[in-house]
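Chain by chain, the residues run as shown.
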Amino acid sequence: MGKGLGWLLAIVGVLLVAAGLVVMLVVVPGMRQLPADADTTRTYEGTMASLLDQTTFTFVRDVPIELERHVSVVDTSDGLALVKEERTMTSGGRPLQQAVNHYSVDRVTMEWSDDYPEEWAGNEGFWPREGNVIGWPMGTEQRDYTGWSDDYMSTVPLTFVEEATHERSGMTLYKFTSASDPQPIADQMVQGMGLPTELPKERLALLLGGADLAAVLQQLLPTVLEQLPTTVPLAYTYGYEGTYWVDPETGIIVDTEKRETRSATLAPEAAAGTALELLPADQLAALRVPVLDFTYTATDASVEEAKADAEDAAGTLQLYGTILPVAGIVAGAVLLLLGIVLIARRPKAA
């Protein structure tokens with residue numbers, strides 16, 4: 001009876017230890033990736049400093065805006081996820097912008113992957129990218145990451161700043177920043193945003209007349225307009241400043257603060273042969289008219305939702321990554337030792 005019970009306890013102990021190790025070493029690492037059912041909506045609020053109405057060529061200024069970002073996984077394949085991002089911007093219920101993008105994402109690193117199934121490429125807003133296109137990975141490290149800008153169609157730095165207490169959530173988070181001075185917007189994106197690539201001189205006069213130009217440019221404007229051709233080619237630039245607060249355990253972005261500015265300017269070939277050639281480069285660079293200039297930050301409700309999501313995910317990882325497997329291993333070891341003791345015990349003499 002003693003040996004039989006001992007063998008039973010030993011077997012159960014071994015199974016518990018093995019189960020704990022499997023959960024810790026196999027199951028939990030599989031959980032440290034973008035979930036196949038991920039589906040989140042975050043909301044933001046801010047101010048539209050300047051928006052060009054392309055119909056009337058007048059500017060809307062200093063109006064409140066609301067933004068919504070819906071991110072969901074719509075398909076998975078061999079460690080990759082097809083992620084859909086839907087962004088909308090409104091002001092007082094009036095739609096201002098809407099965009100849909102799809103990304104091929106490595107579920108562990110959260111980086112773009114080129115090894116996606118061929119059929120994914122047919123989705124709206126799907127084109128080759130690089131770096132972290134949709135967020136940070138679980139187990140975010142204290143280092144710089146490489147992000148992506150669709151405006152530039154190139155990578156941008158995501159710079160680690162510090163580990164600090166985030167005031168709005170009370171959480172200890174990693175702070176990242178990313179910024180760029182105005183750089184040319186890729187032709188593909190100019191077309192995608194429906195921005196005009198050229199304007200009749202009369203329309204250009206309306207555009208520049210509504211802009212806050214430096215005094216020297218205002219003085220030169222009548223002369224320049226006379227020297228320009230009937231139809232004037234345009235170029236566009238994009239500049240931004242962003243701050244992101246990231247939960248390191250889960251990679252969840254808890255808070256975002258950002259300013260984005262898209263500006264119209266004369267294409268380089270348009271300025272050739274005009275009085276603008278006499279200006280220093282820094283003054284010529286000031287000939288930019290913000291056609292879309294806004295700032296925004298996550299709403300209080302969004303910060304609380306992100307905090308809850310991060311705490312729930314971290315709690316699940318803690319439960320399956322530490323509490324349950326350690327409890328199983330400890331209990332299994334105790335039963336195994338007890339079983340060995342019973343097996344090794346000599347039977348009492350008759």
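Keep in mind it's a predicted model, so treat the numbers as computed, not measured.

Q: What should I look at first to understand unusual backbone geometry in this one?
A: Leave glycine aside and you will find that most residues have negative phi; peptide bonds, for their part, are mostly trans. Of note in the backbone geometry, D62 takes a positive phi value of approximately 55° without being a glycine. Relative to the helices and strands, D62 resides in the loop between β2 (58-60) and β3 (63-77). With relative accessibility at 58%, the residue D62 sits in the exposed group. The phi dihedral of D78 is positive, around 50°, even though this residue is not glycine.

Q: Honestly, the confidence of the model for the protein in this entry has me stumped. Any pointers?
A: A low pLDDT score tells you not to read the predicted coordinates there in detail. This prediction gives the protein a mean pLDDT of 85; 77% of its residues lie at or above 70. Within the protein, the lowest mean pLDDT, 62, falls on helix α1 (residues 2-31), and the highest, 98, falls on strand β7 (residues 154-165).

Q: What am I meant to see in the side chain of D293 here?
A: Position of D293 among the secondary structure elements: in strand β12 (residues 289-298). Given a relative accessible area of 6%, D293 falls into the buried group. In terms of polar contacts, D293 uses its side chain to reach the side chain of T261, at 3.0 Å. Residues in contact with D293, not counting those within four places in the same chain, are T47, M48, A49, S50, R259, E260 and T261.

Q: What is the right way to read the side chain of R129 from this model?
A: Position of R129 relative to the elements: it lies in the loop between β5 (94-106) and β6 (145-149). By relative accessible area, R129 is classed as buried at 3%. Excluding anything up to four places from it in sequence, R129 contacts N101, H102, Y103, W112, W148 and D150.

Q: Which parts of the structure should I look at to understand the environment of E249?
A: Looking at where E249 falls in the secondary structure, it is placed in the loop between β10 (231-246) and β11 (253-266). The class of E249 is partly exposed, set by a relative accessible area of 31%. In the structure, E249 is positioned 109 residues away from T140 in sequence and 6.6 Å away in space, judged by C-alpha atoms.

Q: In this structure, what is going on with the packing of aromatic side chains? I would like to understand it.
A: Pairs of aromatic rings are described using the distance from one ring centre to the other and the angle between the two planes. Across all of its chains, the model carries 12 aromatic pairs by this definition. Ring centres of W112 and Y116 lie 6.0 Å apart, and the angle between their planes is 70°; on these two criteria the pair is classed as edge-to-face. What makes W112 buried here is its relative accessible area of 9%. Residue class for Y116 comes out partly exposed when judged on its relative accessible area of 23%. Relative to F126, the ring of W112 lies with its centre 5.2 Å away and its plane at 50°, an arrangement referred to as tilted. In this pair, W112 sits in the loop between β5 and β6 while F126 sits in the loop between β5 and β6, placing the two residues 14 residues apart along the sequence. In this structure an aromatic cluster arises from ring pairing among W136, Y145, F160, Y174, F176 and Y244. Here the guanidinium or amino end of R143 rests over the ring plane of Y145, the centre of that ring lying 3.9 Å away. Across the ring face of Y240, the terminal group of K258 is positioned such that the distance to the ring centre comes to 5.2 Å.

Q: What exactly am I supposed to notice about the pattern of salt bridges here?
A: When the charged atoms of two side chains lie near each other, side chains of opposite charge can form a pair. Taken as a whole and judged by the stated rule, the model has 12 salt bridges. Of the charged contacts, one joins D293 and R259 as a salt bridge, the two residues approaching to 2.8 Å between their closest N and O atoms. Of this pair, D293 sits in strand β12 while R259 is found in strand β11, placing the two residues 34 residues apart along the sequence. For R259, a relative accessible area of 39% corresponds to the partly exposed category. By sharing partners, the salt bridges in this structure join D151, K258, E260 and R262 into a single network.

Parameters and conventions
Residues numbered from 1 in each chain as written. Predicted model: local features only at pLDDT ≥ 70, side-chain atom pairs only at ≥ 80, totals over all residues. Heavy atoms only, no water. Helix = DSSP H or I, 4+ residues; strand = E, 2+ residues; numbered from the N terminus. Buried < 20%, exposed > 50% of the residue type's maximum accessible area, 1.4 Å probe, protein only. pLDDT = per-residue confidence, 0-100. Polar contact = N/O pair within 3.5 Å; in protein donor to acceptor, adjacent residues only side chain to side chain. Contact = heavy atoms within 4.5 Å. Phe/Tyr/Trp six-rings, centres within 6.5 Å; stacked < 30°, edge-to-face > 60°. Lys NZ or Arg CZ within 6 Å of the ring centre and 35° of its normal. Salt bridge = Lys/Arg side-chain N within 4 Å of Asp/Glu carboxyl O.

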